[in-house]
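Each chain, written out:
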Amino acid sequence: MALHRAGDRRTLALLHSFAATVLAQTGHLGEADTAFDRAEGLARSAGASDVLAMVYGNQASLAALRDQPRQARVLAEQTVALERRRRGGPGLSRSLANLGQILLRLGDLTCAERILHEGLEARCAVQFHEIGGGIFDTLAQLALLRGDYEAADAYLREALTAYGAYGRNTSG
């Protein structure tokens, strides 16, 4: 209520997006859709492109879980477009990784590979290992689909190295 009275639409958008994510994770998909719609509207009216990108990214993940890969692709592409306009940062690499996974699922291997490599290039120091591990894992899946077992092995080794470094950096 206080946020509504204060007119803090950006923070309200964040709260609705977080609530939508929890609702989706607990199986309340209809309620999650409603909360995401509210979050999107509030983020738009607040001019909060970072929050809007997060909302689209979460909606893309939900669409992928619902086995709606084409809808997931559209939302993931919107996320990437917003992050590119923001000139990168932590969100760009994460959104490229998500789009790459969706493209892989759709069978667009060439585009997925290009997007995933772009995601590796876009990593920032804060997320270097965390995002890298996921991207290398997806690239390994892509290589397996192509029957390139040597490349898959190399990518899995890179993922293991990245995840190991992430664990060492976060365990302290």
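What you see is a predicted model, and the numbers here were worked out from it, not measured in a lab.

So, on to the environment of Ser-61. Residue position: Ser-61 is located in helix 4 (residues 49–65). Judged by its relative accessible area of 32%, Ser-61 falls in the partly exposed class. Taking the C-alpha atoms as reference, Ser-61 lies 8.9 Å from Ile-102; in sequence the two are 41 residues apart.

Attention now goes to the pattern of salt bridges. Here the structure, examined in full by the defined rule, presents 10 salt bridges. Between Arg-66 and Asp-33 there is a salt bridge whose closest N-O contact spans 2.9 Å. Here the residue Arg-66 occupies a position in the loop between helix 4 and helix 5 (69–85), and Asp-33 occupies one in helix 3 (residues 29–46), the gap between them amounting to 33 residues. Overall, the relative accessible area of 29% leaves Arg-66 in the partly exposed class. Residue Asp-33 is classed as partly exposed on the basis of its relative accessible area, which comes to 29%. The residue Asp-67 makes a salt bridge to Arg-105 at a minimum N-O spacing of 2.5 Å. Here Arg-105 lies in helix 6 (residues 90–106) and Asp-67 lies in the loop between helix 4 and helix 5, a separation of 38 residues in the sequence. Its relative accessible area of 45% is what places Arg-105 among the partly exposed residues. Taken together, the shared-partner salt bridges connect Arg-73, Glu-77 and Asp-108 into one network.

Another aspect to go through is the packing of helix 4 against helix 6. Helix 6 packs onto helix 4 with a crossing angle of 25° between their chain directions and a minimal axis gap of 11 Å. Here helix 4 lies roughly parallel to helix 6, going by the angle between them. Between helix 4 and helix 6 lies a crossing whose hand is left-handed. Contacts between helix 4 and helix 6 involve Gly-57, Ala-60, Ser-61 and Ala-64 from the first element and Asn-98, Ile-102 and Arg-105 from the second. Among the residues making up the contact of helix 4 with helix 6, the classes are represented as 3 nonpolar, 3 polar and 1 charged.

About the cut-offs
Residues numbered from 1 in each chain as written. Predicted model: local features only at pLDDT ≥ 70, side-chain atom pairs only at ≥ 80, totals over all residues. Heavy atoms only, no water. Helix = DSSP H or I, 4+ residues; strand = E, 2+ residues; numbered from the N terminus. Buried < 20%, exposed > 50% of the residue type's maximum accessible area, 1.4 Å probe, protein only. Salt bridge = Lys/Arg side-chain N within 4 Å of Asp/Glu carboxyl O. Axes fitted to C-alpha atoms, helices over the stretch in contact; angles between N-to-C directions. Parallel < 35°, antiparallel > 145°, perpendicular 65-115°, else oblique. Left-handed = near helix turned anticlockwise from the far one by under 90°. Contact = heavy atoms within 4.5 Å. Nonpolar A, V, L, I, M, F, W, Y, C, P; charged D, E, K, R; others polar.

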